Amino acid sequence: MSILSIDQLQLAGKKVFIRVDFNTPMKDGKVSDDTRIRAALPTIKSAVEKKAKVILASHLGRPDGKANKKYSLEPVGARLAELLGCDIKMADDCVGDGVRLLVSSLKEKEILLLENLRFHPEEEENEDNFCKALAALCNVYISDAFGTAHRAHASTAGMVKYVQEKAAGYLMQKELKFLGGVLKNPERPLVTILGGAKVSDKIAVVENLARKSDTLLIGGAMAYTLLRAKGVAVGTSKVESEKLQMAQNLLERLKSTDAKVILPIDHIVAPNPDAISEVMTTSGETIPDGMMGLDIGPRTQTSFCDVIKKAKMVFWNGPLGMFEKPAFSAGTYKIANAMIASGAVTVVGGGDSAAAVEKAGIASKFSHVSTGGGASLEFMEGRELPGVKALE
Ligand code: AMP
C-alpha cells in the first residue's frame, strides 16, 4: 500500500497536525542538540508556505504520564522560533478546552506547539478517547516522527484513523526511501556493517540483512560473542556468555544465506578501557588472557574498507569499537570515511553510529543518516512499524 506525500495534499486553511520527533537532548533547561528539530524544518516550512494552520506535537523524555516542567517542550519551542525566525505559540497541554481554543483562533501560516504528549498516560496507552481528542484538533495528519514510528501510541498510530487526510512529511519519506531502499531493491553489491554492544539486541537485524546483503561485516563488542561461540579465545572482551548457544545457532543459520559474513581477524586490545598506555594490537583473531578487545585491528580495518570500496550501497549500524574513547575509535571512523569515499549510496542507522558521525561533523556526507535508533533497527528487522502502517 502506498503512502501519500505532504506534497499531494491541499493544506490551505486546514488545521494540520504534524507529529514531529522533538525528543531532543536538554541541558540546563535548553536544547543541547537541535538535530531533530532541524530535521523537521522542511516539513514545517512547507506546511506554512501552503497556508496551513500548523499544530506541532511531540513527546520529550519519560515524564511517566504526569505534567512535569522538567519535560516541558517550551525550550524546544524557543529553539524552533529561532530556527524559523517566527513566533511559535505554545500550549500548556496537548488536549482540553484551552488547547481547543488556541487551535480555533489559529490563523493560516501560524504555528502552535502542543505541550508534551506524554504528560498524559493515555498517549503511550494509545487510549481511544485520547486518540479522538487529538484527532478532533485537526483536518489533516502528517507524520514526520520516524524516531517514534515503532511505537503504537495515540499520536503516532491511534489517532490517525479518526483524521480525514493523512500523509508523510519529508523526513519520514526520506527515512522510508533510504532504509526501505536497502531492504527492497538495493544497489549491488550491498554491504552491511554491524557493530555495537550486544549481538542479542541485533539477531533479527543480522538475519534479515544477511538475507539481503552481498557481504556482512561484523565488528564491535557483538563480534566477540560470535567469535567466542566459534571457539576463539577472546580474553576478557565483552561477551554475552549466557547467549553463546544463541550465537552459535545464528552463525549456523548464516551459513545458509548468500551473504559472505566477515568477522574481525585482529583487534586493538587493552587490559581495560582506561589502560591507554598498555594498548596493543593482536596478531590474529585470538585475544590474550587478561586483555579486552576494544576496536577492530588494522588488518580488519583494511579488509573492511576494501569491501566497502567496491560497494554500490552500504548500510551501517553500530560502532566498531568503544568509539567514545579516541584510542578505540579508529575502526569506527575508518569505515565511516571509507563509506563516504566509496561513492556508494550510504545509509547510517540511528543511535550510536549516527551520534558518531554527528560528533565527527561528517553526517552530511552520507546519503542518509537515520534519526531513529530503535525505529531504524526494527525497520531493518523487516518489521512493519505502527507509525508507518497508520499512514498507508
Ligand atoms: P549499541 O547501542 O548496541 O549500538 O552499542 C554501542 C556501544 O557499544 C557503544 O557505547 C560502544 O562503546 C560499545 N562498544 C562497541 N564496541 C565495543 C567493544 N569492543 N567493547 C566494549 N564496548 C564496545
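Notes on the structure follow. Bear in mind that the values here come from a model prediction, so they are computed numbers and not experimental data.

Quick look at the site of the ligand now. As a structural note, the neighbourhood of the ligand is formed by 14 residues, with Ala 197, Ala 221, Gly 293, Glu 324 and Asp 352 the closest of them. Between Ala 221 and the ligand, the recorded distance is 3.1 Å, taken from a backbone N or O atom to a nitrogen atom. Between the ligand and Gly 321, the relevant distance is 3.5 Å, taken from a nitrogen atom to a main-chain nitrogen or oxygen of the residue. In isolation the ligand exposes 500 Å². Once the protein is present, 83% of that is buried. Applying the majority rule of atoms within 2 Å of the grid points places the ligand in the second largest pocket.

A few words on helix H1 (residues 35-49). Spanning 15 residues, H1 covers 22 Å between terminal C-alpha atoms, matching the ideal 21 Å at 1.5 Å per step. Along H1, the helix axis deviates most sharply at Leu 41, where the bend reaches about 40 degrees; the proline Pro 42 sits within four residues downstream. Among all positions of H1, only Ile 37, Ala 40, Leu 41, Thr 43, Ile 44, Ser 46, Ala 47 and Val 48 are buried.

This part takes up the packing of helix H6 (residues 170-184) against helix H13 (residues 373-380). Viewed as axis vectors pointing N to C, H6 and H13 meet at an angle of 30 degrees, and their least axial separation amounts to 10 Å. Classified by the angle between their axes, H6 and H13 sit roughly parallel to one another. The interaxial crossing formed by H6 with H13 has right-handed handedness. Contacts from Leu 176, Leu 179, Gly 180, Val 182 and Leu 183 in H6 reach Ser 376, Phe 379 and Met 380 in H13. Tallied by class, residues from the contact of H6 with H13 come to 6 nonpolar, 2 polar and no charged.

Enumeration according to the criterion identifies 20 salt bridges in this entry. The partner of Arg 253 in a salt bridge is Glu 207, with the nearest N and O atoms 2.7 Å apart. With Arg 253 in helix H9 (residues 244-254) and Glu 207 in helix H7 (residues 203-212), the pair connects residues that are 46 residues apart, well separated along the chain. Looking at Arg 253, the relative accessible area reads 37%, which means it is partly exposed. Residue Glu 207 is classed as buried on the basis of its relative accessible area, which comes to 18%. Put simply, Glu 378 and Arg 383 hold a salt bridge, and the shortest N to O gap is 3.4 Å. A single salt-bridge network, built from bridges that share partners, covers Asp 34, Arg 38, Arg 79 and Glu 82.

It is worth spelling out the packing of aromatic side chains at this point. For the structure shown, the criterion picks out 2 aromatic pairs. Ring centres 5.9 Å apart and planes at 20 degrees place the aromatic pair Phe 17 and Tyr 141 in the stacked group. On the criterion of sequence distance, the pair formed by Phe 17 in strand S1 (residues 15-19) and Tyr 141 in strand S7 (residues 140-143) is long-range, its members being 124 residues apart.

What holds strands together in a sheet is hydrogen bonding between their backbones, with the strands either parallel or antiparallel. Taken together, 6 strands build an open sheet; the order of strands is S5-S6-S4-S1-S7-S8 and the sheet is parallel. Two strands close off the open sheet at either side, each with one partner strand: strand S5 (89-90) and strand S8 (165-168). Judged from the 4 bridges that link them, S1 and S7 form a sheet pairing that is parallel. Bridged to Ile 18 within S7 is Ile 142. The sheet contacts of helix H2 (residues 74-84) involve strand S4 (53-57), S5 and strand S6 (111-113), and relative to S6 the element is tilted by about 155 degrees.

What the 6 strands build is an open sheet, ordered S11-S10-S9-S15-S16-S17; its pairing is parallel. If you trace the sheet from one side to the other, it starts and ends with strand S11 (260-262) and strand S17 (368-369), each paired once. Bridge count for strand S9 (residues 190-194) against strand S15 (residues 313-317) is 5 bridges, and the pairing is parallel. Within S15, the residue paired with Leu 190 across the bridge is Met 313. Relative to strand S10 (residues 215-218), helix H10 (residues 298-309) is tilted by about 150 degrees, and along the sheet it contacts S9, S10, S11 and S15.

Criteria and thresholds
Residues numbered from 1 in each chain as written. Predicted model: local features only at pLDDT ≥ 70, side-chain atom pairs only at ≥ 80, totals over all residues. Heavy atoms only, no water. Near = heavy atom within 4 Å. Polar contact = N/O pair within 3.5 Å; in protein donor to acceptor, adjacent residues only side chain to side chain. Areas by Shrake-Rupley, 256 points an atom, 1.4 Å probe, with all protein chains shown as cover. 1 Å grid on protein atoms, 1.4 Å probe; cavity = no way out; pocket = protein on both sides within 12 Å on 5 of 7 lines; lining within 4 Å. Sits in = over half its atoms within 2 Å of the grid points. Helix = DSSP H or I, 4+ residues; strand = E, 2+ residues; numbered from the N terminus. Expected span 1.5 Å × (residues − 1). Bend = angle between axes of the 7 residues up to and from the residue. Buried < 20%, exposed > 50% of the residue type's maximum accessible area, 1.4 Å probe, protein only. Axes fitted to C-alpha atoms, helices over the stretch in contact; angles between N-to-C directions. Parallel < 35°, antiparallel > 145°, perpendicular 65-115°, else oblique. Left-handed = near helix turned anticlockwise from the far one by under 90°. Contact = heavy atoms within 4.5 Å. Nonpolar A, V, L, I, M, F, W, Y, C, P; charged D, E, K, R; others polar. Salt bridge = Lys/Arg side-chain N within 4 Å of Asp/Glu carboxyl O. Phe/Tyr/Trp six-rings, centres within 6.5 Å; stacked < 30°, edge-to-face > 60°. Pairing = 2+ DSSP bridges.

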